[in-house]
Amino acid sequence: MVLHRGAMLKRIYDWCIDAAHKPYALWIMGAVAFAESSFFPVPPDVMLIPMSLARPQRAWVYAAVCTATSVLGGLLGYAIGALLFDSVGHWLIQVYGLGDKVDAFRASYAEWGAVIILLKGLTPIPYKLVTITSGFAGYNIGLFVLCSIVARGGRFFIAAILLNRYGDWIRVRIEKHLGLWVALGAAVLVLGFVVAVKLI
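Residues numbered from 1 in each chain as written. Predicted model: local features only at pLDDT ≥ 70, side-chain atom pairs only at ≥ 80, totals over all residues. Heavy atoms only, no water.

Looking at an unreviewed UniProt entry, one finds the chain named DedA family protein, with Bradyrhizobium diazoefficiens SEMIA 5080 as its source organism.

Right under this line is the structure:
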C-alpha cells in the first residue's frame with residue numbers, strides 16, 4: 001500500500017513537471033487557483049511548485065497567474081457569501097465544521113476585516129473560508145479585492161522568489177524525499193484548518 005501510494009505521488013509529481021512545458025498546464029493551474037478560493041479543497045501549490053521547479057525562469061508567470069485567478073475566485077467566494085449564504089455558502093461552511101462560528105467571525109470583521117484577510121490569505125488556512133465569510137459579513141468589496149491581491153500575491157510571489165533562486169537545490173531534495181514533503185505539505189494544510197477553527 002505504501003509503495004503504491006509512493007508510486008502514485010511520483011506519477012502526479014512527474015505529470016506536473018512534464019506539464020510545465022505544455023500550454024494547457026497554465027490554464028489548469030489557474031482553474032485550480034480560482035476554484036480553491038471559493039469551493040475546491042486543493043491549493044494551487046500542488047502545481048505551482050513542481051511547474052516552477054521544472055521551469056524556474058517562469059516562476060514569476062506562474063505566481064502572477066495564481067494571484068490573478070485566486071483573486072477572481074475570491075470574488076466568487078464573496079458572491080456566494082453575500083448572495084447565496086443561506087444555501088451554498090452555509091453548506092460549504094458546514095462541510096468545514098464552522099457553522100457555529102460564523103456569527104462571531106462576522107462580528108470580528110467590523111473591527112479587523114483587513115487584518116483577517118491579509119493574515120489568512122498568506123497562510124495555509126483555507127482561503128475560501130475568508131472569501132465566503134467576507135461576503136456574508138458585507139465587508140467592503142474594494143478593500144476585499146485590494147487585501148486579496150496583497151495577501152495572495154505575497155504568498156505566491158514569495159514561493160516564486162524561492163523557487164526561481166533555489167529551484168535546483170529544492171528540486172533535488174524534493175525528488176529525493178517526495179513522500180516526506182507531500183506528508184509535510186498535507187500536515188501544514190491540516191494545521192491551517194485547525195488554526196482556522198480555533199481563530200474564527
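K.L.:
Explain the pattern of salt bridges here, please?
P.N.:
Two side chains bearing opposite charge may form a pair once their charged atoms approach each other closely. What the rule picks out here adds up to two salt bridges. The salt bridge involving Glu-36 is made with Arg-152; its shortest N-O contact spans 2.8 Å. Residue Glu-36 is located in helix 2 (residues 24–36), and its partner Arg-152 is located in helix 8 (residues 141–176); the two are separated by 116 residues in the primary sequence. The buried category is assigned to Glu-36, whose relative accessible area is 4%. For Arg-152, a relative accessible area of 0% corresponds to the buried category. The salt bridge involving Arg-155 is made with Asp-45; its shortest N-O contact spans 2.5 Å. Here the residue Arg-155 occupies a position in helix 8, and Asp-45 occupies one in helix 3 (residues 45–54), the gap between them amounting to 110 residues. (Salt bridge = Lys/Arg side-chain N within 4 Å of Asp/Glu carboxyl O. Helix = DSSP H or I, 4+ residues; strand = E, 2+ residues; numbered from the N terminus. Buried < 20%, exposed > 50% of the residue type's maximum accessible area, 1.4 Å probe, protein only.)

K.L.:
It is not clear to me how the environment of Ile-158 should be interpreted in this structure. Could you clarify?
P.N.:
Tracing the backbone shows Ile-158 in helix 8. Sequence separation between Ile-158 and Trp-60 is 98 residues; the distance between their C-alpha atoms is 9.8 Å.

K.L.:
Sorry if this is basic, but what is going on with the UniProt feature "transmembrane region" (unreviewed entry) in the chain here?
P.N.:
Here the UniProt-annotated "transmembrane region" (unreviewed entry) positions come out as residues 60–88, 139–166 and 178–197. The distance separating the terminal C-alpha atoms of residues 60–88 is 34 Å; by composition the span is 97% helix and 0% strand. Helix makes up 93% of residues 139–166 and strand 0%, and the two end C-alpha atoms of the span are 39 Å apart. (UniProt positions renumbered as here; feature names shortened; annotations may be inferred.)

K.L.:
What is the right way to look at helix 7 (residues 127–137) in this model?
P.N.:
Along an α-helix, residues three or four apart share an orientation, since each turn contains 3.6 residues. Summarising burial for helix 7: ten of the eleven residues are buried, a large majority. Taken together, the buried positions of helix 7 are Tyr-127, Lys-128, Leu-129, Val-130, Thr-131, Ile-132, Thr-133, Ser-134, Gly-135 and Phe-136. Once helix 7 ends, the next one or two residues include Gly-138, with phi positive near 70°.

K.L.:
Quick question: what am I supposed to make of a nonpolar patch on the surface here?
P.N.:
A contiguous nonpolar surface patch, about 540 Å² in accessible area, is contributed by Phe-34, Phe-39, Phe-40, Val-42, Val-46, Leu-72 and Leu-76. When you line up the elements, Leu-72 lands in helix 4 (residues 59–83). Overall, Leu-72 belongs to the partly exposed group, its relative accessible area being 48%. (Patch = residues over 30% accessible without salt bridge, like charges linked within 9 Å, V, L, I, M, F, W, Y side chains within 5 Å. Areas by Shrake-Rupley, 256 points an atom, 1.4 Å probe, with all protein chains shown as cover.)

K.L.:
Quick question: what am I supposed to make of the packing of aromatic side chains here?
P.N.:
The way to describe two aromatic rings as a pair is by their centre distance and the angle between their planes. On inspection of all chains with the given rule, the structure shows one aromatic pair. Ring centres of Tyr-78 and Phe-144 lie 5.1 Å apart, and the angle between their planes is 45°; on these two criteria the pair is classed as tilted. Here Tyr-78 is found in helix 4, whereas its partner Phe-144 is found in helix 8, with 66 residues between them in sequence. There is no split in this pair, since Tyr-78 and Phe-144 are both buried. Positioned above the aromatic ring of Tyr-127, the side-chain terminus of Arg-152 is 4.3 Å from the ring centre. (Phe/Tyr/Trp six-rings, centres within 6.5 Å; stacked < 30°, edge-to-face > 60°. Lys NZ or Arg CZ within 6 Å of the ring centre and 35° of its normal.)

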